[in-house]
Amino acid sequence: MFCKNCGQQMSDDSKFCGNCGTNVNQWESSNIGNTFDIKETINEIGVEFISLVKNPINTVRESKNKNNNTYMIFGLLATILAVLNVYIYKSAFVKAIGGSYANEGINYLLKGKHFGIILSLLISNIAIIAASAGVIFLILNVVLKKSSFTYFDGLKIMIAGYTYSTLIIFIGTIISYIYLPLGAILMGISIIAYMILVYEGIKSFEIVDNNMCLYIVLIVMISIMIIQYLIITNQISKLIKGFGVDPTDIMQEFLF
């Protein structure tokens, strides 16, 4: 077996890691903790949320030692907030620019189309997080042969970064009702925060140098942008078809 803290190979009957001194019994209690307990999970989510707000960098660094189930639910709640952000910002955007096609878009969403769009957004966000974690795992575990790094390690890093950036975006969407450009600026800041947290999360494993951490983050962010571009263009295409209007007319109204 391998040490879950440093990746050192150990004999199956070892009680402590000969490299870093980690107690094997702590793993067993950690594995027991991964069984689902609703009360304990809710408490852990609350603690993790407060920790993320107070000290995001330390929280993402310590995510590797946290319960997998807790982080899965944590990520799901973050994706729900992200969907809410879309609706709030959409409303603020329409309020700021007006326009008949924009109003048609709102009406279209209100004609019983909510569930399909919400479900699509939820699946899209979950897919982005899962795919991003897969990219990190592929680079570190498969390409660089860092066997101590697991897919769930990458997933928890992405969830922590995603949740924190989503909170910033939520603040930005609220501010957008007051001043739209300021909300957009906060959304830009959320991307920077996301990158910093992913960088710190990978760095905390101490299995690659700082330069490689940076390159991995850049590859991950490029992957996210490509996936988002494909999803967004697909969603826009569906919405335009729902309007029954020429996309050129919509662009002219917004731009001119």
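Given the structure is predicted, the values throughout are model-derived calculations rather than measurements.

(A) Looking closely at the overall build of the chain. Each helix and strand counted, the chain has 10 helices and zero strands in total. When the elements of the chain are put in sequence order from the N terminus, they spell out α-α-α-α-α-α-α-α-α-α. Here the contacts in the chain between residues at least 6 apart in sequence split such that 66% fall between residues at least 24 apart. Here the chain has roughly 14400 Å² of accessible surface; of this, 65% comes from carbon and sulfur atoms.

(B) Examining helix H8 (residues 180–203) more closely. The terminal C-alpha atoms of H8 lie 35 Å apart, and with 24 residues this matches the ideal 34 Å at 1.5 Å per residue to within 8%. Among the residues of H8, Leu180, Gly183, Leu186, Ser190, Ala193, Tyr194, Leu197, Val198, Tyr199, Glu200, Gly201 and Ile202 are the ones counted as buried.

(C) Inspection of the pattern of salt bridges at higher detail. As enumerated under the stated definition, the model contains two salt bridges in all. For the salt bridge of Glu48 with Lys66, the shortest nitrogen-to-oxygen distance reads 3.0 Å. Of this pair, Glu48 sits in helix H2 (residues 38–54) while Lys66 sits in the loop between helix H3 (56–62) and helix H4 (68–97); the two residues are 18 residues apart in sequence, bridging distant segments of the chain. The salt bridge partner of Arg61 is Glu200, with a shortest N-O separation of 2.7 Å. Of this pair, Arg61 sits in helix H3 while Glu200 sits in helix H8, placing them 139 residues apart in sequence.

(D) Spatial organisation of the confidence of the model for the chain. Residues with a pLDDT of 70 or more make up 68% of the chain, whose mean pLDDT is 77. When pLDDT is averaged over each helix and strand of the chain, the minimum, 47, is found for helix H10 (residues 247–255) and the maximum, 92, for H3. Counted against residues more than four places away or in other chains, residues 27–34, with its pLDDT under 50, gives 11 contacts. In the model, residues 250–256 has pLDDT below 50 throughout and makes 11 contacts with residues more than four positions away in sequence or in other chains.

(E) The environment of Ala160, seen in detail. For Ala160, the position within the fold is in helix H7 (residues 151–176). Using a relative accessible area of 1% as the deciding quantity, one classes Ala160 as buried. Spatially, the C-alpha atoms of Ala160 and Val198 are 8.2 Å apart, while their sequence positions differ by 38 residues. Setting aside chain neighbours within four positions, we find Ala160 in contact with Leu52, Val60, Tyr71 and Leu197.

Scoring rules and cut-offs
Residues numbered from 1 in each chain as written. Predicted model: local features only at pLDDT ≥ 70, side-chain atom pairs only at ≥ 80, totals over all residues. Heavy atoms only, no water. Helix = DSSP H or I, 4+ residues; strand = E, 2+ residues; numbered from the N terminus. Contact = heavy atoms within 4.5 Å. Areas by Shrake-Rupley, 256 points an atom, 1.4 Å probe, with all protein chains shown as cover. Expected span 1.5 Å × (residues − 1). Buried < 20%, exposed > 50% of the residue type's maximum accessible area, 1.4 Å probe, protein only. Salt bridge = Lys/Arg side-chain N within 4 Å of Asp/Glu carboxyl O. pLDDT = per-residue confidence, 0-100.

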